[in-house]
Amino acid sequence: MPTAILEHMFEEELVMVEESFRGLGQARAGVSARGGRADERTLTRVLMETERLRRAADALELSVIGQAVRWGEECGPDGVYRQVHLPVGQVAEFASEAVGLAMRAGSWEAGDRCELAARAVTDLRRLTDLVGDGLLRTRAMSIVAKETREASTDAVDAVLDHLLAPLRGRPGSIRIVELEERELRKAIRRILQRVEPELLRKKAERNRRLQTDVTFAAGPVGTADMRATLPSEMALALKSAIDAAAVEHRRLDPDLPAGAARAAGLADLALRGVEVVAHVRLGIPVITSAASRLAFAPFEGGEGGGRRGSTLGEDLHGPTAREGRLVTGEGADAVDVIVQEWAGDDVAAQVPTTLGPGGPESWISGCDVPGVGYIPPEVVASITTHLETRVSRALVDARTGVLAETSNPRYVVTDSMRDFVAARDETCRMWGCARRVARGGADPNADLDHATPWPAGTSTPTNLSGLCRHHHRLKHTPGWSHALQPDGRTEWVSPGGLPASTFPALWVHTEADEGWDPDAEDSPPSEGAKVDRLALFAGGPPF
């Protein structure tokens, strides 16, 4: 089909979407102006109509994504990537990344949306119509999609026939619209158990073998969230043990909240008989102009392997306390470390401590542990004082959070490129991906990628970044554009022309400090390399 025709194919639909967008803005302005005078019944009616409109928009989005995910690139037998257009209902390998950039959604969220959209335009089309009519939530549709994944066509049809039928004694109703989530899952599994009993048994066996896991994420300030997926009988036994341990904690402290008692009980059970050695990497803010004199020498080696070379232009001494200030380096390379707060409210004042029992005195601030969350300085001090502790440092630009250098414990820096990149990146540098980049060695699912391929590109920190194996492959497909900036920012552009940037883990997203010249030579660029592409979307995403 000619390109001119393709460009105008959805012009009428885009006009309608734009008109709807403007209408919603006007409606919101009206509610903001007069909502305070409306009664509850009127506001409830407006809310219901707004929800109906949102569901219709969800159905449109699913229909668009269901077609968009068919476009992708596949590597042929000759090793060349070529664009492909898959049959309806299929999802191209890297389609979720392109959709994620358009939606500004993370990898997992975008992946789930793409899978749902592929079902929405095929075997779950009847539910998509309900969503488009404003009768069904997308959440309910996603539950059906997940519960019927891998089910046969006949089994899916049997489930839909049951869910679209009226509730018993409720003529004119639609069962899936009326059921809450727990009852909806029960209804689906009841039908599957009757028409395809082996499916549930196989899924249970596979889940118990492959889907069990324990993960951690940052929680409210000072806490971490832990999520465990366990075999059901193991979870029941663990629940009983945690409850018993919590009873003992509340006996010793009757004012302890029940939740805190259960958390303490879990910790008692998990840490019983375990020897803990803490590894703390201290993020030390420094004056960039001095730190910029540090220079790495290149080393030989390919991606995902190679020598762990180590050389710095200058040897630096570890941080020492001198009259309330921290100093690293000597002579012309001495760097004053800023002791006071440097990254907003997330970093607290420093507290004195020792590095290990009977170890040297030091000052420690609160820190963010990747994938866990913020730990207050007093807790860090307690860890380093009472536990055998391995300590390393990271010199960080006090204004931007850009990593300038890392060191191992002891005296001068004996750096490896892997430790530097892992400390700077922490996770895969693809937009929205949270897969970890391991420190201290190669991760079987992560690669050390050369932004400019070696040997044309040097093996230096300004040309190296951490990518998970999946996104390492994506980076090498011709439809995607990738650039690693000297300050550690990574820029991506999708096959559809959408740009996105990811930042080093310690990057500080703040306005320039007073007196800081953003045009100074050692300042990070205010805009990315692809200024022309970024300007296209300066007014907002094109959807």
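Please refer to the structure higher up on the page.
In this report, we go over the structure that sits alongside the text. Not measured: the values here are computed from a predicted model.

All right, on to the nonpolar core then. If you look at soluble globular proteins, the nonpolar side chains tend to sit buried side by side. Counting 38 residues, the largest nonpolar core has Leu127 and Met141 as its most contacted members. For this core, the secondary-structure elements that each account for two or more residues are α3 (40-68), α4 (95-103), α5 (107-120), α6 (125-132), α7 (138-147), α8 (153-164) and α10 (181-195). Within the second largest apolar cluster, 13 residues are counted, among which are Cys428, Met430, Cys433 and Leu474.

Note on placement: arginine 119 falls in helix α5. Residues contacting arginine 119, with those up to four places away along its chain left out, are Leu124, Arg125, Ala145, Thr148, Arg149 and Val156.

Strand order in the open sheet formed by 3 strands is β17-β18-β19, with antiparallel pairing between adjacent strands. Across the chains shown, the open sheet's two edge strands, defined by having one partner strand only, are β17 (481-484) and β19 (499-502). Between one strand axis and the next, the sheet turns by 15° as a mean value, whatever way the strands run. Where strand β18 (residues 490-493) and β19 come together, 4 bridges link them in antiparallel fashion. Paired with glutamate 491 across the two strands is serine 501, which belongs to β19.

Between its first and last C-alpha atoms α3 spans 41 Å; for 29 residues at 1.5 Å apiece the expected length is 42 Å, and the two agree. Those residues of α3 lying buried are Arg55, Asp58, Ala59, Leu62, Ile65 and Gly66. Summarising the contacts, the buried residues of α3 are in contact with α4, α5, α6 and α7.

To continue, consider the packing of α3 against α6. Between α3 and α6, whose axes approach to 7 Å, the crossing angle comes to 140°. Looking at the two axes, α3 sits oblique to α6. Contact residues: α3 offers Arg55, Ala56, Asp58, Ala59 and Ser63, while α6 offers Thr128, Val131 and Gly132.

Rules used throughout
- Residues numbered from 1 in each chain as written.
- Predicted model: local features only at pLDDT ≥ 70, side-chain atom pairs only at ≥ 80, totals over all residues.
- Heavy atoms only, no water.
- Core = buried A, V, L, I, M, F, W, Y, C linked by side-chain atoms within 4.5 Å.
- Buried < 20%, exposed > 50% of the residue type's maximum accessible area, 1.4 Å probe, protein only.
- Helix = DSSP H or I, 4+ residues; strand = E, 2+ residues; numbered from the N terminus.
- Contact = heavy atoms within 4.5 Å.
- Pairing = 2+ DSSP bridges.
- Axes fitted to C-alpha atoms, helices over the stretch in contact; angles between N-to-C directions.
- Expected span 1.5 Å × (residues − 1).
- Parallel < 35°, antiparallel > 145°, perpendicular 65-115°, else oblique.

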